[in-house]
Amino acid sequence: MQCTQRKNTIGTYRKLKRLILPGAMVLDYGSGYGLGATLLHADAFEPNAREGVWPTYTQPHHIPASLYDVVVCNCVLNVVDKWEDRVEIMNHIVRALKPGGCAYIMARSHRDVGDIKHKTAEGDGWRLKNGAFQRGYGRDELRGFLVPFGEVTRIFRINSIGFCLTTPTP
């Protein structure tokens, strides 16, 4: 997995900021360059940080359990090429959330990924010319993937397919 951050994801972070209550503990999971984490005043997790980027966590097992009210995972699942790794990411996110916490999970659509030029089919996605992996999702497909992890509701008016995953309260 590579550390990247598409410039157009910042619009999604701006829209999410309006949904997050003031004072909430927030983690940006897969923060890339940290632009979204900065905007949200969030802690950042990035396992592949580039020079000049200092995330709060670089190893998922360093993220404290049940600390965060909100976890944002913006266009991360679509760059992970193995199903098992996507499930592991969701387990990390759910572990980081307080009971009743919310994870905002966004991914690129099939159409968005389909518009990328110079790609080769690989597994359930595409390998791009620069070596990065991209997998598009349909709305029902992403919802189905998230259902085992908590209650799933759709997020409206964002740039990608997005859902709010709420963890059960005790």
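Up top you'll find the structure we're talking about.
Residues numbered from 1 in each chain as written. Predicted model: local features only at pLDDT ≥ 70, side-chain atom pairs only at ≥ 80, totals over all residues. Heavy atoms only, no water.

### A look at the pairing of strand β6 (residues 125-128)
Bridge analysis of strand β5 (residues 119-122) against β6 gives four bridges, and the strand direction is antiparallel. Directly across from K119, in β6, lies its bridge partner L128. Where β5 folds back on β6, the antiparallel hairpin that results is connected by two residues, among which G123 adopts a positive phi of roughly 55 degrees. Bridge count for β6 against strand β7 (residues 133-134) is two bridges, and the pairing is antiparallel. Within β7, the position partnered with W126 by the bridge is Q134. (Pairing = 2+ DSSP bridges. Helix = DSSP H or I, 4+ residues; strand = E, 2+ residues; numbered from the N terminus.)

### A short note on the side chain of N78
Topologically, N78 is positioned in the loop between β3 (68-74) and α3 (83-96). In this structure, N78 is in contact with M106, A107, R108, F133, Q134, R135 and Y137, ignoring residues within four places of it in sequence. (Contact = heavy atoms within 4.5 Å.)

### Observations concerning the nonpolar core
Counting 29 residues, the largest nonpolar core has L27, Y29, V71, M90, I93 and L146 as its most contacted members. Elements that contribute at least two residues to this core include exactly β1 (26-29), β3, α3, β4 (97-107), α5 (139-146) and β9 (161-166). With 16 residues, the next largest nonpolar core counts L16, V70, I158 and C164 among its residues. (Core = buried A, V, L, I, M, F, W, Y, C linked by side-chain atoms within 4.5 Å. Buried < 20%, exposed > 50% of the residue type's maximum accessible area, 1.4 Å probe, protein only.)

### So, the packing of aromatic side chains
Summed over all chains, the structure comprises three aromatic pairs. Note on W83 and F145: the rings are 4.9 Å apart at their centroids and 75 degrees apart in plane angle, and the pair reads as edge-to-face. Separated by 62 residues along the polypeptide, W83 in helix α3 and F145 in helix α5 bring together distant segments of the chain. Look at F145 and you get buried, because its relative accessible area is 6%. On the numbers, 6.0 Å between centres and 55 degrees between planes, the contact of F145 with F149 is tilted. F149 matches F145 in its accessibility class, with the two residues each being buried. What links up through ring pairs into an aromatic cluster is the set W83, F145 and F149. The ring centre of W126 lies 5.0 Å from the NZ or CZ of K119, which sits over that ring. In this arrangement the basic side chain of R135 is found over the ring face of Y137, its NZ or CZ atom lying 4.2 Å from the centre. (Phe/Tyr/Trp six-rings, centres within 6.5 Å; stacked < 30°, edge-to-face > 60°. Lys NZ or Arg CZ within 6 Å of the ring centre and 35° of its normal.)

### Notes on the pattern of salt bridges
As enumerated under the stated definition, the model contains seven salt bridges in all. Ionic contacts of the salt-bridge type, sharing partners, join the residues R86, D124, R135 and E141 into one network. (Salt bridge = Lys/Arg side-chain N within 4 Å of Asp/Glu carboxyl O.)

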